[in-house]
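Below are the chains, spelled out letter by letter.
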Amino acid sequence: MKLIKQIFHFKGIKIGKKDKTLQKIIVIVLLLPFLLLFGFLTYLLLPQLLSNYILLIVYTILFIAVSALATFFFYRLLHIKFWFFKKLENRRLLLRHLTENRIFYPIKRKDKKDKIKYPAVYLKQNKYTIIVTLELRGGQFQDKFLNIGGALEVTYSADLMGRIDEKGFVSYVYSADTILGRISAKDVRVVDKGLMLMEDVFWDYVHDPHLLVAGGIGGGKTVFLRSILNGLLRVGVVEILDPKQSDFESYSQLDVLKDRVEIDLVQMMNKIKQFKENMEIRYATMRQFKKDRNEKELGNFQSYDLKPAFLIIDEFPSFRASMLEQRELVPEAEIVMGALKQVILKGRQAGFFAIIATQNVKADDLPSTFKDNIMTRISVGRLSQFSYEVIFGEENKNKYFKYIEQINGERVYGRGYYGVFGNPAREFFSPLMPKPEEWEYYDEFETLERLELEFDKQVTVAKTYTGQELSKELAIDYRVFKKYKSEFETAGQEFDKTYSTSDLIMFERAVDYRKSGKTYQEAISEAIL
């Protein structure tokens, strides 16, 4: 079956002169009813028209103008409303790009105009993507094809989502008509692929943990965060830190979020430390489950039917600056930032995730550990080009991030970009807020059941260990333990004066990998992952 797919792999329909001809045919077909009507009316009015040349001239000019405007209107309508005609337009644009950039083979003919032959270029399109495939195989335009991705991104006003290299061909995948995949805020749910944000965009918090949300003033960041809440509150526990004391404070009266929305600085700091402590208790609980089931390796939180926990920190730079502005809080601020760092580094397996929201991002707003380990990034509204570079990383430094205020003549809110760390960013539209008279966040949240973590059902508590105690728990010599610790620190891990349950689990994984024959460096890398 695999061989059959390789032989008959459909790359799309080849681009050629027929695409230009097809557009002409469409125009003629649209114009034809008006020409027939013109001929019929002219036949009926011929005596009057011949007797009055001024009337004939006015009649002809008027009919030509009406026919041209009507043809243009229906031509645009077809290309806006119907996918088939959008596809034809995208083929025409690709043909134009090839022609204008002289990507073709001129074939000289005696006493005739040169004939044009186009290289093997294919286009395949579905509802949300355009795939352009170009043949390499040592051809004249091979080098151009290897670097054409960015130019076609501008041609289609689309976003390059990825490049696929296969033997003899290169394919570029673009998002197309992204706005068609926009969903309503009331439909945001967690499904098998993750938290659905658009019809084809999901935050897979299990595999791409933690979320960075950036939005300019009036760009729709708060509405987007509330939409996220609508999905997450149904599957787990959500804690919210609201330094502005405005966007989420009213939700503290709801049963589903009672005691889970903090606006006071000290209470927000305590909440982060508590969240990290709960993560450690979760690891201890999972470790106990592992022993009870006699499992060789520790699974993730889903393996033990445990609920995820989410910590939303709005206006993170403001929150961080507030801690550092008060001299007496500076020592405690370091502890808080350390606790948050541990959640970001170790929270995925235990089901503890951070959602950090900010406006325009400066280089020093986010510690490098955060930027390297927050896997999913989303922007909404207008940001500075520098903010885009900080958010979406080195892979998108040459990408042209567009701010679009209107689409088809209508003001659009919540437009931005979505990306997973290390991959190209793509256009994104945040869930659309329904009309207030039809649906409200507050009213919806009021109907939701309050979910709890498992701590009330378990007697397991989080332990801390000294280095000596941890080495005994691991059943290894203390000097060997120090070797593991040194390798972890070289790999970027940080430890407190005492060691937590999550540290113990990470060391256990490294020891097991080392026993399987891996080097120290390989064992450490696998254990961190």
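What counts and how
- Residues numbered from 1 in each chain as written.
- Predicted model: local features only at pLDDT ≥ 70, side-chain atom pairs only at ≥ 80, totals over all residues.
- Heavy atoms only, no water.
- Helix = DSSP H or I, 4+ residues; strand = E, 2+ residues; numbered from the N terminus.
- Rg over C-alpha atoms; globule rule 2.2 N^0.38 Å.
- Buried < 20%, exposed > 50% of the residue type's maximum accessible area, 1.4 Å probe, protein only.
- Salt bridge = Lys/Arg side-chain N within 4 Å of Asp/Glu carboxyl O.
- Axes fitted to C-alpha atoms, helices over the stretch in contact; angles between N-to-C directions.
- Parallel < 35°, antiparallel > 145°, perpendicular 65-115°, else oblique.
- Contact = heavy atoms within 4.5 Å.

Some remarks on the overall build of the protein
Right, so step 1: Summing up its helical and strand segments, the protein has 17 helices and 20 strands in all.
Right, so step 2: The C-alpha radius of gyration of the protein comes to 30 Å, more than 25% above the 24 Å expected for a compact globule of 529 residues.
Right, so step 3: Expressed as lengths along the three principal axes of its C-alpha atoms, the size of the protein is roughly 110 × 60 × 45 Å.
Right, so step 4: When burial is assessed residue by residue, the protein has 48% of its 529 residues classed as buried.

Thoughts on the pattern of salt bridges
Right, so step 1: With the rule as written, the count across this model stands at 27 salt bridges.
Right, so step 2: Across the pair R426 and D200 runs a salt bridge, and its minimum N-O distance is 3.2 Å. Of the two residues, R426 sits in strand 20 (residues 426–429) while D200 sits in the loop between strand 9 (194–198) and strand 10 (201–203), which places them 226 residues apart along the sequence.
Right, so step 3: Judged by its relative accessible area of 7%, R426 falls in the buried class.
Right, so step 4: Residue E315 is joined to K244 by a salt bridge in which the shortest nitrogen-to-oxygen separation is 3.8 Å. Of this pair, E315 sits in the loop between strand 14 (309–313) and helix 9 (316–325) while K244 sits in the loop between strand 12 (237–241) and strand 13 (261–262), placing them 71 residues apart in sequence.

Digging into the packing of helix 8 (residues 265–293) against helix 9
Two quantities define a packed helix pair, namely the angle between the helix axes and the distance between the axes.
Right, so step 1: Contact geometry of helix 8 with helix 9 gives a least axis separation of 11 Å together with a crossing angle of 110°. Looking at the two axes, helix 8 sits roughly perpendicular to helix 9. Each of L265, M268, M269 and I272 in helix 8 lies in contact with helix 9, whose residues at this interface are F319, S322 and M323.

Comments concerning the environment of K24
Right, so step 1: For K24, the location among the structural elements is in helix 2 (residues 17–51).
Right, so step 2: Given the relative accessible area of 52%, K24 is considered exposed.
Right, so step 3: It is 67 Å that separates the C-alpha atoms of K24 and E454, two residues lying 430 residues apart in sequence.

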